[in-house]
Amino acid sequence: AMYVYSGLDILREPDSWTWALNSLPAVLKQTVIEPIGKTNFLLGQGVVELVLAGVFLLWFIPRHWVKWAALFSVVEMILILWLVGLSAETFRDIGLVGASLGVFLMYRYR
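About the thresholds
Every chain is numbered on its own, with residues counted from 1 as its sequence reads. Side-chain atom pairs in this predicted model are given and counted only at pLDDT of 80 or more, local residue features only at pLDDT of at least 70, and totals for whole chains, interfaces and linings cover all residues. Side-chain numbers come from the whole structure's heavy atoms, not from hydrogens or water. Interaxial angles span 0 to 180 degrees and are taken between N-to-C directions of axes, which are lines fitted to C-alpha atoms, for helices over the stretch in contact. Put simply, DSSP marks the helices as runs of H or I at least four residues long and the strands as runs of E at least two long, and each gets a number from the N terminus on. Angle categories are assigned with fixed cut-offs, so that under 35 degrees is roughly parallel, over 145 is roughly antiparallel, 65 to 115 is roughly perpendicular, and the rest are oblique. Take the far helix as the reference: if the near one is turned anticlockwise from it by less than a right angle, the crossing is left-handed, and if turned clockwise, right-handed. We call two residues in contact when some of their heavy atoms are within 4.5 Å. Stacked, edge-to-face and tilted labels apply to pairs of Phe, Tyr and Trp rings (six-membered ring for Trp) whose centres lie within 6.5 Å, assigned for plane angles under 30 degrees, over 60, and everything in between, in that order. Under the scheme applied here, a residue whose accessible area is under 20% of the maximum for its type counts as buried, over 50% as exposed, and between as partly exposed, the area being computed with a 1.4 Å probe on protein chains only. Whenever a carboxyl oxygen of Asp or Glu lies within 4 Å of a side-chain nitrogen of Lys or Arg, that contact is scored as a salt bridge.

K.L.:
Mind showing me how you'd approach the packing of helix α5 (residues 63–84) against helix α6 (residues 90–107) here?
P.N.:
When two helices pack together, their arrangement is given by the angle between their axes and by how far apart the axes lie. Taken N-terminus to C-terminus, the directions of α5 and α6 make an angle of 150°; their axes are 8 Å apart at the nearest point. Taken together, α5 and α6 sit at an angle that is classed as roughly antiparallel. Crossing hand, α5 versus α6: left-handed. The residues of α6 that touch α5, namely those facing R63, V66, K67, W68, A70, L71, S73, V74, M77, I78, I80 and L81, are T90, D93, I94, L96, V97, S100, L101, V103, F104 and Y107.

Right, here's the structure in full:
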């Protein structure tokens, strides 16, 4: 549900999420974000989060999609924690790392 909420919020108000990009390393800003623009980057992030939400919430999605979405979620949240740093939202990110890692491990051999 968090991915639905944040994905929709990013799509509705991408400018209110630019704070998350401010602490990124300069090389990442110059090579990834500046060429496409902050708003486009955030809109893409919102779409990715809605896709993840769909994979996790829709019961008919194949299990191997769920496994790889969970691994992607783990990597994404670890990168956010590492690149953006600790903040008031950190508890959410740490919880998502644990939950996503648990889902990935559950589906690892299925």
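K.L.:
I'm lost on the packing of aromatic side chains in this one. Help?
P.N.:
The geometry of an aromatic ring pair is captured by two quantities: the separation of the ring centres and the angle between the planes. As enumerated under the stated definition, the model contains four aromatic pairs in all. Relative to F60, the ring of W59 has its centre 5.2 Å away and its plane inclined at 85°; by these criteria the two rings are edge-to-face. Classification of W59 as exposed rests on a relative accessible area of 73%.

K.L.:
What is the right way to read the side chain of D93 from this model?
P.N.:
With respect to the secondary-structure elements, D93 resides in helix α6. Residue class for D93 comes out buried when judged on its relative accessible area of 4%. Discounting residues that sit within four places of it in the chain, D93 has contacts with M77, I80 and L81.

K.L.:
Would you mind going over the pattern of salt bridges with me for this structure?
P.N.:
When their charged atoms lie close together, side chains carrying opposite charge are able to pair. Counting across every chain of the model gives one salt bridge. A salt bridge links R92 to D93; its shortest N-O distance comes to 2.7 Å.

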